[in-house]
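Results of the structural survey
Residues per chain, in single letters:
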Amino acid sequence: LQSQGRTVVRTREPGGTPAGEAIRTVLLSNEYTGLTDRAEALLFAAARGEHAAQVIRPALDAGSIVVCDRYLDSSVAYQGYGRDLGADYVRDLSLWATQNLVPDLTVLLDVDPQVGLSRVQSPDRLESEPIEYHQRVRQAFIEIAAADPGRYLVIDASQDKDAIAEQIQARVATLLGTSP
């Protein structure tokens with residue numbers, strides 16, 4: 001995208017702002033293993049709301065393309081399904097926090113949880129959850145993507161990185177009305 005002269009803002013969640021990074025520390029640090037499920041969901045939504053207001057919306061308003069590592073659907077999958085808090089509750093909370101800001105495209109890099117976890121070098125608080133949790137989260141992502149296929153690109157993440165990149169580039173080009 002940058003080689004095409006587009007301005008790209010790369011960011012991540014939780015994080016992206018000073019407050020978001022502080023919340024990220026609480027959410028992912030193994031120091032906070034006793035955090036309640038509802039507190040976790042609220043903290044993700046708080047970080048997301050701040051991130052949307054301070055980083056994402058201003059970038060979009062300036063005509064930039066925003067590439068964000070994780071967003072609203074991650075909370076729906078991890079807290080709504082994984083923590084069994086209810087997908088609708090968690091989705092509505094994040095929509096409220098972001099003033100209904102939804103991505104044009106969500107790329108889901110799908111991989112068996114055992115394979116994905118084997119790639120982790122220093123597991124954080126969420127990555128340390130039992131495999132059953134990660135299986136619920138994966139299934140949630142698959143269901144979320146199936147419910148809105150126009151907004152999702154589901155990729156088998158066991159492929160090599162060049163094949164994955166080509167699929168993403170093709171879909172983004174289609175979305176932008178350009179050639180890859």
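Let us look at the structure shown here. Within each chain, residue numbers correspond to sequence positions counted from 1 in written order. Reporting in this predicted model follows two pLDDT cut-offs: at least 70 for local features of residues, and 80 or more for side-chain atom pairs to be given and counted; totals over whole chains, interfaces and linings ignore these cut-offs and use all residues. To get the side-chain values, all heavy atoms of the structure are used, and hydrogens and water are removed first.

**Some thoughts on the packing of helix α1 (residues 18-28) against helix α2 (residues 37-61)**
For helices, the fitted axis covers only the stretch in contact; all axes are lines through C-alpha atoms, and the angles between them, taken along N-to-C directions, range from 0 to 180 degrees. Counting from the N terminus, the helices are DSSP H or I runs at least four residues long and the strands are E runs at least two residues long. At their nearest, the axes of α1 and α2 sit 9 Å apart, and the two run at 160 degrees to each other. Regarding the angle of α1 to α2, the classification is roughly antiparallel. Crossing angle aside, the handedness with which α1 passes α2 is left-handed. Every residue of α2 that contacts α1 at Ala19, Gly20, Ile23, Val26 and Leu27 is listed here: Glu40, Leu43, Phe44, Ala46, Ala47 and Glu50. Roughly parallel here means an angle under 35 degrees, roughly antiparallel means over 145, roughly perpendicular means 65 to 115, and every remaining angle is called oblique. By convention the crossing between two helices is left-handed if the near helix lies anticlockwise of the far one by an angle smaller than a right angle, and right-handed if it lies clockwise. Any pair of residues with heavy atoms lying within 4.5 Å of one another is described as a contacting pair.

**Re helix α3 (residues 72-82)**
Across the 11 residues of α3, 10 count as buried, placing the element largely inside the fold. Listed as buried for α3 are Leu72, Asp73, Ser74, Ser75, Val76, Ala77, Tyr78, Gln79, Gly80 and Gly82. Where α3 is buried, its residues touch α2, α4 (87-98), β3 (106-110), α6 (131-147) and β4 (152-156). Just beyond α3, the residue with positive phi is Asp84, at close to 60 degrees. A 1.4 Å probe rolled over the protein chains alone gives each residue an accessible area, and that area as a share of the maximum for its type sets the label: buried under 20%, exposed over 50%, partly exposed in between.

**Concerning the pattern of salt bridges**
Think of a salt bridge as a Lys or Arg side-chain nitrogen and an Asp or Glu carboxyl oxygen that are within 4 Å of each other. The tally for this structure, following the rule as stated, stands at 10 salt bridges. Between Arg125 and Glu40 there is a salt bridge, with the nearest N and O atoms lying 2.5 Å from each other. One end of the pair, Arg125, is in the loop between α5 (113-118) and α6; the other, Glu40, is in helix α2, with 85 residues separating them in the sequence. Across the pair, Glu40 and Arg125 agree in class, each one buried. Two residues, Glu129 and Arg83, come together in a salt bridge whose shortest N-O distance is 3.3 Å. One end of the pair, Glu129, is in the loop between α5 and α6; the other, Arg83, is in the loop between α3 and α4, with 46 residues separating them in the sequence. One connected set of salt bridges, linked through shared partners, spans Asp37, Glu40, Arg83, Arg125 and Glu129.

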